[in-house]
Amino acid sequence: MQTRFSNRQLENPKIAEAEHIIRSCVHCGFCTATCPTYMLTGNELDSPRGRIYLIKEMLENDRPATEVEARHIDKCLTCLSCMTTCPSGVHYAHLLAQGRAHIEKTYKRPLKNNIIRSLLSAILPYPTRFKWAIRASKLITPFKRLLPAEFKAMLGLKVILSTEKLAETSEAQGQKKYRMGLHGGCVQRAVGEHINIATAAFLTRRGVELITPKSVGCCGAITEHMGKNEVALNTAKAYIDGWIEEIEKGTLDAIVINTSGCGTSIKDYGHMFKDDPHYADKAMRISSLAKDITEVIEQIGLGESKIDNAPSVAYHSACSLKHGQKIIGLPKQLLIEAGFEVRDIKESHICCGSAGTYNILESYMAEKLKKRKVTNIEATKADVIASGNIGCNIQIGSGTDIPTVHIIELLNWATGGKKPANL
Ligand code: SF4
Ligand code: SF4
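On a predicted model such as this, the values are computed, not experimentally measured, just so you know.

A. Inspection of the site of ligand 2 at higher detail. Neighbouring residues of ligand 2: 13 residues in total, closest Cys 25, Cys 28, Cys 31, Cys 86 and Ser 88. Of the residues that constitute the shell around ligand 2, the class distribution is 8 nonpolar, 4 polar and 1 charged.

What follows is the structure in C-alpha cells.
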C-alpha cells in the first residue's frame, strides 16, 4: 500500500514502524477469506485490509479517530487469522496496536462505553476484585432484562469462582530436575485456579519445582487489547520486575504459560519494550523464557499414559495459540500420545468470539461466532472439548452442555493426576 507520511512524521519510530507494515500490504485480499468479522458482515471495513486502510488514514493525517474507525477497529477480534493467511508477512498485530492506541487517545467514546471499558480494565486484571464483581453480579441478575448489552453478555458467561488456591511454591516430586515459574493469569486465578493446580500437579511429577509468586500478576494483555497502552505498559513492567526479582533468587528454566492469550502478549514483550532503555533487555529475557505449557511438555516429556477408556476430545485451537504463537499440531499430538481420540473441528481457523473482552464489548458478533463454533464442535460428537485458553473455555462452555476443559487437565489426568471435576 502506498503511504504519504512526511519526513517529520517518520522521525517517530512508531510511525516509521507503521509505515513499514502498511507498505508491506499488497492489497491482495487473501486475508479477507479467513477473517471472521468480514465473513459475518461482508463489509470491507470489517476486513484486515479495510482496517489497515483506516489506520493508515488516521495516522497519516495525524487526526482524531472518527466513529467509523472506532467502530470497525473495535470489531476486530485480534484473532490474527489474517496474519496466518497473509502471503506478504504483514504484521497486522503491531499495526492494530497502534491504531487502537490512537483511537483510545483521540476518540471521545459515548459515556456508557467509556464507563464499561474503564470498569473492565479496573476489575478483570485483579483476581480479588473480579471475584467480588462476580459475587455482586448475583444481585443484579434478576434485573438482567433492563441492563445494557455488555452487562447481559457478562451475566451470560458461565463462570464458577475458584475456591482452591495454588501454593507459591510447588515442590518437585522425586529428584528436582528444573525450576520453573508459572504464569497463573489474572482472570484464571479467579475462575480457573483448578487449571493452575492441574499444571502444577503435572509438572511436579515430572521433576519441576514450580514457583507462582504473589508479586507477579496480570501481564497487561487485557488492557493492551482495549488500546489502553499506558496502563498495559505499566502492568507489563510490574510483571517483568516481578519475574526478574524471582530470577535473582534462582535461575528459572522457563515461565510456563497456560493461558495462551497472555502467552502471545508476553512473548511479544521484546517488541513492546524495544525502544525503552530501562526495560528492553529485561523484557527480552522474560519473552525468551515464556513457553506455552505444551512447549514445556514437548521439552520435558509427557510421561507414561495410565488412562483406560479415554473420552473422545474435540480440540479447539485457540487463535492466540495457533495464529499468535504458531503452535498448531503440538497440542493435538500430545493428546493422542496421552491416549485420547482427537476429533477435528470444521472451520478450526475461525475464532470462537471470546477474544479478551470482545465477548462483553462486542457481544452481538461474539454470540454469532460462538453459535457457529458450538455447532461445528457438537457435530464432532466428542465427549469433551479441550483448549489451551480459559477465555475460549468460558465462551464455548456458555453455549453447550459438552464439558469444556483445559488441555493440561486431560494430560494431567492421563498421566496419573486427578480427573477433571466436570467430567
Ligand atoms: S485479527 Fe481477526 S478479526 Fe481482526 S482483521 Fe485479522 S482476521 Fe479479522
Ligand atoms: S493478505 Fe496481507 S498483503 Fe494481502 S491484503 Fe491482506 S494484509 Fe494485505
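Now that the structure has been shown, we can carry on.
B. Local environment of the sheet that holds strand β3 (residues 208-211). Taken in spatial order, the 5 strands line up as β1-β3-β2-β4-β5 in an open sheet, and their pairing is mixed. In this open sheet, the two edge strands, each paired with only one partner strand, are β1 (169-170) and β5 (290-292). The sheet contact formed by strand β4 (residues 254-257) and β5 spans 3 bridges and is parallel. By the bridge assignment for β5, Val 256 is matched with Lys 291. Helix α18 (residues 293-300) contacts β2 (178-183), β4 and β5 of the sheet and is inclined by roughly 90° relative to β5.

C. Quick peek at the site of ligand 1. Lining the immediate surroundings of ligand 1 are 13 residues, of which Cys 35, Pro 48, Cys 76, Cys 79 and Cys 82 lie closest. Of all the secondary-structure elements, those providing two or more residues to the shell around ligand 1 are α3 (36-41), α4 (48-60) and α6 (81-85). Residues of the shell around ligand 1, tallied by class, amount to 9 nonpolar, 3 polar and 1 charged.

D. Representation of the nonpolar core. Ranked by size, the top nonpolar core spans 118 residues in total, and within it Val 256, Ile 286, Val 313, Leu 335, Ala 386, Leu 410 and Leu 411 carry the most contacts. Here this core gets 7 residues from one element, more than from any other, and that element is helix α12 (residues 193-205). Residues within four places of Leu 410 in sequence aside, it is in contact with Val 313, Leu 335, Ala 338, Phe 340, Ala 386 and Val 405.

E. Structural detail: the domain arrangement of the protein chain. Domains assigned within the protein chain are domain 1 (7-106), domain 2 (169-298) and domain 3 (305-414). Here the C-alpha centre of domain 2 lies 29 Å away from the C-alpha centre of domain 1. The interface of domain 1 with domain 2 comprises 8 residues on the first partner and 7 residues on the second. Among the elements that take part in the side of domain 1 that touches domain 2, helix α7 (residues 92-106) stands out by supplying 6 residues, more than any other.

F. Just the environment of Lys 373, in detail. Among the secondary structure elements, Lys 373 is positioned in helix α22 (residues 363-378). If sequence neighbours within four positions are ignored, Lys 373 has contacts with Cys 352 and Ile 396.

G. Molecular detail of the packing of helix α5 (residues 67-74) against α7. Close contact between α5 and α7 brings their axes to 11 Å; oriented N to C, the two are set at 135°. In this view, α5 runs oblique relative to α7, as classed from their interaxial angle. Judged by the twist between their axes, the crossing of α5 over α7 is left-handed. Of the residues in α7, those touching α5 at Glu 69, Ala 70 and Ile 73 are Gly 99, Arg 100 and Ile 103. Among the residues forming the contact of α5 with α7, the class breakdown is 3 nonpolar, 1 polar and 2 charged.

H. Summary view of the packing of α4 against α5. At a minimum axis separation of 10 Å, α4 and α5 run at an interaxial angle of 140°. By the angle between their axes, α4 is oblique relative to α5. Considering only the axes of α4 and α5, their crossing is left-handed. Mapping the contact onto sequence places Gly 50, Arg 51, Leu 54 and Met 58 in α4 and Glu 69, His 72 and Ile 73 in α5.

I. Representation of the environment of Pro 87. Inspection of the secondary structure puts Pro 87 in the loop between α6 and α7. Considering only alpha carbons, one finds Pro 87 and Thr 169, 82 residues apart in sequence, at a separation of 45 Å. Residues within four places of Pro 87 in sequence aside, it is in contact with Cys 28 and Phe 30.

J. Representation of the sheet that holds strand β8 (residues 384-387) within the structure. Here 4 strands make up an open sheet; going across it, the order is β7-β6-β8-β9 and the pairing parallel. Edge positions in the open sheet fall to β7 (341-343) and β9 (404-406), since each of these has one partner strand only. Between one strand and the next, the sheet's axes are offset by a mean angle of 40°, whatever the strand orientation. Alignment of strand β6 (residues 312-315) against β7, held across 3 bridges, turns out to be parallel. Bridging across to β7, Ser 312 finds its partner in Glu 341. Along the sheet, helix α20 (residues 330-337) contacts β6, β7 and β8; its crossing angle with β6, the most-contacted strand, is approximately 175°.

Calculation rules
Residues numbered from 1 in each chain as written. Chains lettered and ligands numbered in written order. Predicted model: local features only at pLDDT ≥ 70, side-chain atom pairs only at ≥ 80, totals over all residues. Near = placed C-beta within 6 Å. Nonpolar A, V, L, I, M, F, W, Y, C, P; charged D, E, K, R; others polar. Pairing = 2+ DSSP bridges. Helix = DSSP H or I, 4+ residues; strand = E, 2+ residues; numbered from the N terminus. Contact = placed C-beta atoms within 7 Å. Axes fitted to C-alpha atoms, helices over the stretch in contact; angles between N-to-C directions. Core = buried A, V, L, I, M, F, W, Y, C linked by C-beta atoms within 7 Å. Buried ≥ 20, exposed ≤ 12 C-beta atoms within 10 Å, placed from the backbone. Domains from an automatic or database assignment. Parallel < 35°, antiparallel > 145°, perpendicular 65-115°, else oblique. Left-handed = near helix turned anticlockwise from the far one by under 90°.

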